[in-house]
Amino acid sequence: MRSAPTILHLDMDAFFAAVEQAAKPSLRGKPVIVGGVGPRGVVATASYEARVHGVHSAMAMAHARRLCPNAAYLVPRFAVYRQISDTVMELLSRLSPLVEPLSLDEAFVDLEAGGIADDPRAVGERLRADIRAATGVTGSVGLAGSKLIAKIASEQAKPDGLVLIEPGTERELLAPMQVRTLPGVGPATAEHLRRAGILMVGEVVEAGEAELVRLLGKAHGAHVYGMALAIDERPVVADRESKSVSVEDTFDVDLTDRVRVRLEVDRLADRCVRRLRSAGRSGRTVVLKVRRYDFTTLTRSETLRAPTDDLAVVRETAARLLEAVDITGGVRLLGVGVAGLADFTQEDLFAQAAEREEGSAAEEDSGASQGVPERPAEVPREPAPQERRWVPGQDVRHSEYGAGWVQGSGVGRVTVRFEEPGSVAPGRVRTFAVDDTELEPSEPLPLVLSGLPALPRQLSPASVPKSRSGGGSGTGPDSEGPLMP
């Protein structure tokens, strides 16, 4: 535990939804929900305007629509979110060489490792201002002497605020909080503690370590008790290694045609390999995930002789795993992943698929020479041509009206709002036929044109302005308060 609040935790505010509001002036200040827009979709992020209606992440989209029917429901644009995330992470790297990303919108920073220890509050306030200037969206900052308390502080700071917890006050802070606040306390553990009459963190401390070990087991009980005492010696670790790369899709209608299922597995393998290669990695184990019509989930895997990033190998392995799965009755979800990641590729694996094909061809030739009739090659049935599909939130461009985004589509029509991130007023709306040749998908426009602020690589307290707020949170009379871009 540190004697100074030099561990910073940044958490972007309703990140996906906030990016969409920044990119679409007509949605600013209105409820926005990002996720799968199909009947089986799940909420990825809800704006604060939608959260007041009870919508939250991981909720079924159908339930969200009942709670907040007038919200804008948009598909995720991960390429845009990743660009904004890269900008944010670059700003964090200017503070310290020790930055530990947890996701696209969340990270820990060790300010002490960056030589910043005298005025962490001023550093945090400057960081928030720089993020807003560079990206158009906001983030909340927590500062403390440990990762546990810094994360709790950033949660208290939301939205668009800063909370600093002075070392020595952690136990007083934790005591009235629910046990679910502690890392490692999920629904099952919380229910186990509730049955023992333990609801708050302070009650965990009162129960004592021996009782926690009796209730939860030696390792887990000791861990929870230590966290309740605010003991957290975890360091900030840069460049956390990913354990796997995977993609999955949930289908609006159960897939019952095995050929269609095979085509979807091939498509998922393509996406998985693209992610693998973009990360400069290879993997040794191919994993197939199948959720059947009755919600039973099956996972099958095969470990190769060496790591690979070869598309043909991943496709072939995933298809082989699929053959061993009973999909009678239908499939509602498919996923393909690669685990056992490495930074190199075994070159001889590139030719595995080709070698097997050559072996099969040789067998067929041998059979033909012995008078065995050849079997006609099985040609996968391609899906029937479909009309152009437009999804809510998709970026488009019209030859006459310029850049815009899809508000909705159906019965052969697509409605587009033409506006850009820099617009002050909401843009105008036009409706077209779905096959209108003047309307095309387009790349997203940048949120902010000015780029990163010109800052020194490492900030010192003298190089940042003093905090504008005198208290520990961003909700006081002198703070900016909740702001939407």
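(A) Representation of the overall build of the protein chain within the structure. A tally of helices and strands in the protein chain yields 14 helices and 17 strands. Out of the 485 residues in the protein chain, the part that is buried amounts to 46%. When the accessible surface of the protein chain is totalled, it reaches about 24,000 Å², and 51% of it is carbon and sulfur.

(B) Up close: the packing of helix α1 (residues 15–23) against helix α4 (residues 78–93). Packing of α1 against α4 leaves a shortest axis separation of 10 Å and a crossing angle of 95°. With respect to α4, the axis of α1 lies roughly perpendicular. Where α1 approaches α4, its residues F15, F16, V19 and E20 are matched on the opposing element by F78, V80, Y81, I84 and S85. Across the contact of α1 with α4, the residue classes break down as seven nonpolar, one polar and one charged.

(C) Expanded view of the sheet that holds strand β15 (residues 413–418). Within the open sheet, the five strands sit side by side as β16-β15-β14-β13-β17. Their pairing is antiparallel. The open sheet terminates on both sides in strands that have one partner only, identified here as β16 (428–433) and β17 (439–441). Mean inter-strand twist for the sheet, computed between neighbouring axes without regard to direction, equals 40°. As judged from the five bridges shared by strand β14 (residues 402–410) and β15, these two strands associate in the antiparallel manner. By the bridge assignment for β15, S409 is matched with V414.

(D) Representation of the packing of aromatic side chains. Summed over all chains, the structure comprises eight aromatic pairs. The interplanar angle of 50° and the centroid separation of 5.9 Å between the aromatic rings of F15 and F16 together place this pair among those described as tilted. One aromatic cluster in this structure is built from F15, F16, F78 and Y81. The ring of Y48 has R51 sitting right over it, with the charged end atom 4.5 Å from the ring centre. Positioned above the aromatic ring of Y73, the side-chain terminus of R65 is 4.3 Å from the ring centre.

(E) Structural context of the environment of T189. Relative to the elements of secondary structure, T189 occurs in helix α8 (residues 187–195). Spatially, the C-alpha atoms of T189 and V179 are 9.1 Å apart, while their sequence positions differ by 10 residues.

(F) Representation of the pairing of β15 in the model. Turn length for the β14-β15 hairpin, with the two strands adjacent in sequence and antiparallel, is two residues, and the turn residue V411 shows positive phi of about 45°. Relative to β16, β15 runs antiparallel, the two being bridged by six bridges. Each bridged residue has a counterpart across the sheet, and for V416 the counterpart in β16 is R430.

(G) Structural context of the environment of F418. You can see F418 is positioned in strand β15. Between the C-alpha atoms of F418 and V396, which are 22 residues apart in sequence, the distance is 8.9 Å. Residues contacting F418, with those up to four places away along its chain left out, are H398, Y401, G402, A403, G404, G427, R428, R430 and F432.

(H) Representation of the side chain of D310 in the model. Looking at where D310 falls in the secondary structure, it is placed in the loop between β11 (297–308) and α13 (311–323). Although D310 lies buried, it forms no salt bridge, and the closest oppositely charged side chain, R277, sits 4.6 Å away as judged by the N-O distance. Within polar-contact distance, the side chain of D310 engages the backbone nitrogen of V313 at 3.0 Å.

(I) Fine view of the sheet that holds strand β9 (residues 244–255). One open sheet holds the four strands; their spatial order is β9-β12-β10-β11, and the pairing between them is antiparallel. With partners counted over all chains shown, the strands left at the sheet margins are β9 and β11, one partner each. Direction aside, neighbouring strands of the sheet carry axes that sit 10° apart on average. As paired strands, β9 and strand β12 (residues 331–342) are joined by eight bridges and run antiparallel to one another. Bridged to E248 within β12 is G335. Here helix α12 (residues 258–278) sits on the sheet and contacts β9, β10 (282–292), β11 and β12; the angle it forms with β9, its principal contact strand, is near 150°. Running at roughly 145° to β11, α13 makes contact with β10, β11 and β12 of the sheet.

(J) Summary view of the nonpolar core. In terms of nonpolar packing, the biggest core is built from 39 residues, with L8, L10, V19, L92, L95, L111 and L127 touching the most fellow members. Setting aside residues up to four positions removed in sequence, L127 forms contacts with L8, L91, L92, L95 and V141. Core analysis: the next-biggest nonpolar cluster, separate from the first, contains 32 residues, A153, L173, V185 and I198 among them.

(K) Representation of the environment of E443 within the structure. Its location among the elements puts E443 in the segment after β17. Taking relative accessible area as the criterion, E443 reaches 69% and is therefore assigned exposed. On a C-alpha basis, the gap between E443 and R397 in space is 8.8 Å, while along the polypeptide they are 46 residues apart.

(L) Region of the structure containing the pattern of salt bridges. Under the counting rule described, the total for this entry stands at 27 salt bridges. The partner of R292 in a salt bridge is D294, with the nearest N and O atoms 3.7 Å apart. Residue classification places D294 among the partly exposed positions, given a relative accessible area of 34%. We note a salt bridge from R320 to E302, for which the minimum N-O separation is 2.8 Å. Of the two residues, R320 sits in helix α13 while E302 sits in strand β11, which places them 18 residues apart along the sequence. Judged by its relative accessible area of 32%, R320 falls in the partly exposed class. The class of E302 is partly exposed, set by a relative accessible area of 23%. What emerges from the salt-bridge pattern is a single network uniting D249, R260, E264, R267 and R271.

Parameters and conventions
Residues numbered from 1 in each chain as written. Predicted model: local features only at pLDDT ≥ 70, side-chain atom pairs only at ≥ 80, totals over all residues. Heavy atoms only, no water. Helix = DSSP H or I, 4+ residues; strand = E, 2+ residues; numbered from the N terminus. Buried < 20%, exposed > 50% of the residue type's maximum accessible area, 1.4 Å probe, protein only. Areas by Shrake-Rupley, 256 points an atom, 1.4 Å probe, with all protein chains shown as cover. Axes fitted to C-alpha atoms, helices over the stretch in contact; angles between N-to-C directions. Parallel < 35°, antiparallel > 145°, perpendicular 65-115°, else oblique. Contact = heavy atoms within 4.5 Å. Nonpolar A, V, L, I, M, F, W, Y, C, P; charged D, E, K, R; others polar. Pairing = 2+ DSSP bridges. Phe/Tyr/Trp six-rings, centres within 6.5 Å; stacked < 30°, edge-to-face > 60°. Lys NZ or Arg CZ within 6 Å of the ring centre and 35° of its normal. Lys, Arg positive; Asp, Glu negative; His and termini not counted. Salt bridge = Lys/Arg side-chain N within 4 Å of Asp/Glu carboxyl O. Polar contact = N/O pair within 3.5 Å; in protein donor to acceptor, adjacent residues only side chain to side chain. Core = buried A, V, L, I, M, F, W, Y, C linked by side-chain atoms within 4.5 Å.

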